[in-house]
Amino acid sequence: MRADADRSRAVGQDLRGLVRGDVLFDEIDRVLYSTAACMFELWPLGAVAPVDAGDVQAVLRYARARGIPVTARGGGTGVAGQSVGEGIVLVFTRHLHRIRGIDPGGRRVEVDPGVTLQELNAALAPHGLRFPPDPSSGDAATLGGMIGTNAAGSHTLKYGTVKDWIESLSVVLDTGEQATFRRGVPVAADAASSPRLAEIAASMRALLEARRDLLERVRPRVTKNSCGYNLFELAGRDGLDLVPLLAGSEGTLAVITGATLRVDPKPVHVATLRILLDALEKVAPVVEALRAHGPSGIELIERAMIDLVRGGDAAMADEVPPATRSALLGEFDGLDEREVDDRAAAAAAAVRASGLALEVRVATTERERRQLWALRKKASPLLERLPGPRRSTRLVEDGVVPPARLADYVRGLERLFERRGVDAFLFGHAGDGHLHVNVFLDRNDPYDRRLMRILMEEVTDLLRSLGGTLSGEHGDGLMRAGYLERLFGPELMGVFRDVKRIWDPAGILNPGKKVPIEGEDFVSRIPARPRPLRRTTLH
Ligand SMILES: Cc1cc2nc3c(=O)[nH]c(=O)nc-3n(C[C@H](O)[C@H](O)[C@H](O)COP(=O)(O)OP(=O)(O)OC[C@H]3O[C@@H](n4cnc5c(N)ncnc54)[C@H](O)[C@@H]3O)c2cc1C
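Remember, predicted model here, so these are calculated numbers, not experimental data. (Residues numbered from 1 in each chain as written. Predicted model: local features only at pLDDT ≥ 70, side-chain atom pairs only at ≥ 80, totals over all residues. Heavy atoms only, no water.)

### Considering the domain arrangement of the chain
- With domains assigned, the chain is organised as domain 1 (5-91), domain 2 (99-265), domain 3 (269-383) and domain 4 (390-525).
- Computed over C-alpha atoms only, the centres of domain 3 and domain 4 are separated by 28 Å.
- Residue-level contacts link 18 residues of domain 3 with 18 residues of domain 4.
- Taken together, both faces of the contact between domain 3 and domain 4 bury some 1500 Å²; the carbon and sulfur share is 60%.
- Per-residue buried area on domain 3 facing domain 4 is highest for Leu 280, Leu 300 and Leu 383; these three make up 35% of the total on that side.
- Viewed at the interface, domain 4 and domain 3 are joined by 2 salt bridges.
- Counting across the interface, domain 3 meets domain 4 through 8 residue pairs in polar contact (both at pLDDT 80 or more).
- Contributing elements (two or more residues each) for the side of domain 3 that touches domain 4: helix H10 (283-291), strand E13 (297-302) and helix H11 (303-312).
- The element that contributes the greatest number of residues to the side of domain 3 that touches domain 4 is E13, accounting for 5 residues.
- Looking at the side of domain 3 that touches domain 4 residue by residue, the class counts come to 11 nonpolar, no polar and 7 charged. (Domains from an automatic or database assignment. Contact = heavy atoms within 4.5 Å. Buried area = accessible area lost by both parts, 1.4 Å probe. Salt bridge = Lys/Arg side-chain N within 4 Å of Asp/Glu carboxyl O. Polar contact = N/O pair within 3.5 Å; in protein donor to acceptor, adjacent residues only side chain to side chain. Helix = DSSP H or I, 4+ residues; strand = E, 2+ residues; numbered from the N terminus. Nonpolar A, V, L, I, M, F, W, Y, C, P; charged D, E, K, R; others polar.)

### Quick look at the pattern of salt bridges
- This structure, assessed with the given rule, holds 48 salt bridges.
- Here Arg 30 ties to Asp 4 by a salt bridge, and the two come within 2.8 Å at their closest N and O atoms. Remark: Asp 4 occurs in the segment before helix H1 (5-16) and Arg 30 occurs in helix H2 (residues 27-32); sequence separation between them is 26 residues.
- For Glu 216, the salt bridge is made with Arg 221, and the minimal N-O distance between the two is 3.3 Å.
- A single salt-bridge network, built from bridges that share partners, covers Lys 163, Asp 164, Arg 183, Glu 233 and Asp 241.

Put into structure tokens, the structure is as follows:
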């Protein structure tokens with residue numbers, strides 16, 4: 001029996017008298033919520049599946065009075081350890097998963113936090129609408145979790161990230177008070193109804209005013225960032241719109257109980273370009289050439305991954321020349337088939353005219369598009385089958401640099417992995433300078449566990465030197481929280497700590513995420529034991 005079994009039982013008993021939702025404090029529940037789609041394992045005391053905001057209020061009031069951590073949880077697909085915690089886990093997928101209303105004319109939708117992206121898009125489809133940010137985990141990722149990490153997908157270039165589509169958020173604050181944050185509406189206007197909100201608004205305003213110069217100076221010059229607290233978008237604005245801060249805050253500032261989101265017409269047609277290049281230096285000018293024609297996304301596949309696919313698939317070996325160093329997949333979408341195809345054709349012509357490409361192919365039907373995407377899609381199963389105890393590990397998997405520095409980032413990573421004797425496979429969203437890295441490590445090997453810390457430090461330093469950030473969409477969680485100071489410097493880290501203190505002085509909201517717990521070593525939270533085989537590679 002676990003040492004905290006009595007405490008777990010007592011807390012569960014208390015909560016049964018306080019909430020209407022499910023109180024899940026059996027050992028099996030604790031096991032279930034101790035892990036997520038990440039390497040970490042943290043046993044909660046138990047979980048509560050609230051039926052409404054009132055239940056969330058009751059849990060927060062109870063937890064705050066006793067200093068018990070509370071971790072909000074959606075689909076549990078967060079990869080950086082942000083959806084596990086040692087106190088009470090709030091499970092939103094059991095009851096709070098209703099779509100409360102669709103306004104097709106106004107192109108907006110009101111959702112519970114536990115609705116998955118797939119469910120939302122299925123409900124929007126009959127209206128010809130969809131929610132544009134498209135993480136590839138959308139079958140399980142919830143809107144609450146996607147707001148929690150400010151998720152994105154392959155089409156950020158055109159559609160931005162989740163924060164860009166939020167109209168308003170209903171939340172429960174640390175004290176159990178409810179509050180609503182509306183995009184573009186200064187918080188002060190709403191503060192009269194909640195003393196706690198008024199306090200938060202006043203403190204945030206003072207902090208932003210005092211640190212305006214610092215925030216402008218250290219703001220990462222990247223197009224995508226889920227690292228640290230998003231204060232950069234708040235500083236220098238009139239009024240105090242806190243929605244961009246809550247997006248990506250990983251449940252460390254407030255718990256979301258509802259959201260009103262903007263939605264968009266579903267594109268009726270997509271065309272894809274596949275461009276093969278023999279030199280990394282050619283990526284940036286080709287990306288620039290494509291951008292002139294309004295692509296929705298530009299994906300990059302790097303050499304190790306290309307060689308892996310060529311080596312494992314005879315048809316691909318024939319189709320893709322051995323000299324291929326980098327491949328780009330440009331996507332064009334829209335509401336008019338002809339217009340989309342014309343743009344794709346113009347982009348292809350521009351790249352051909354530049355003389356930079358080994359080959360340019362255009363696909364305008366679903367079947368042709370699937371063929372071009374095969375170079376990317378065939379990689380994941382091949383990565384799974386690589387021999388040896390080292391497996392694809394999400395560690396430094398989400399770095400972003402200014403797009404013009406992408407080649408420097410790729411070269412820097414390759415040098416670093418070679419020096420450390422580690423295999424790695426790179427792909428990503430070239431239009432945003434955003435790279436996903438599958439690095440192969442054995443978490444049961446003490447040497448590799450040490451290597452995890454070293455790689456984290458070295459990649460952080462590399463990103464810092466290039467003006468980048470550690471996460472473009474996956475967030476910080478337990479894994480990156482301890483490296484934010486190294487990336488952003490002590491001054492900005494101090495401001496992040498101030499933000500946390502303003503919103504959650506008792507430190508009960510998902511502690512250890514965004515702001516690290518003193519002395520915490522993320523590797524010690526990764527169980528060193530064999531796990532059942534499961535999908536580990538990234539989208
Ligand atoms: C195979 C795979 C592919 C992926 N592809 C992508 C991708 O393409 N793009 C991308 O951005 N990410 C991707 N991810 C990461 C992950 O899917 C996203 O981070 C997603 O947004 C998490 O949603 P979730 O519902 O699973 O949230 P969870 O993992 O449950 O939670 C994520 C964070 O949000 C917080 N949170 C959850 N609900 C609430 C709430 N109600 N109030 C406040 N905070 C809350 C949690 O506390 C946690 O900090 C992928 C993951 C996997 C496993």
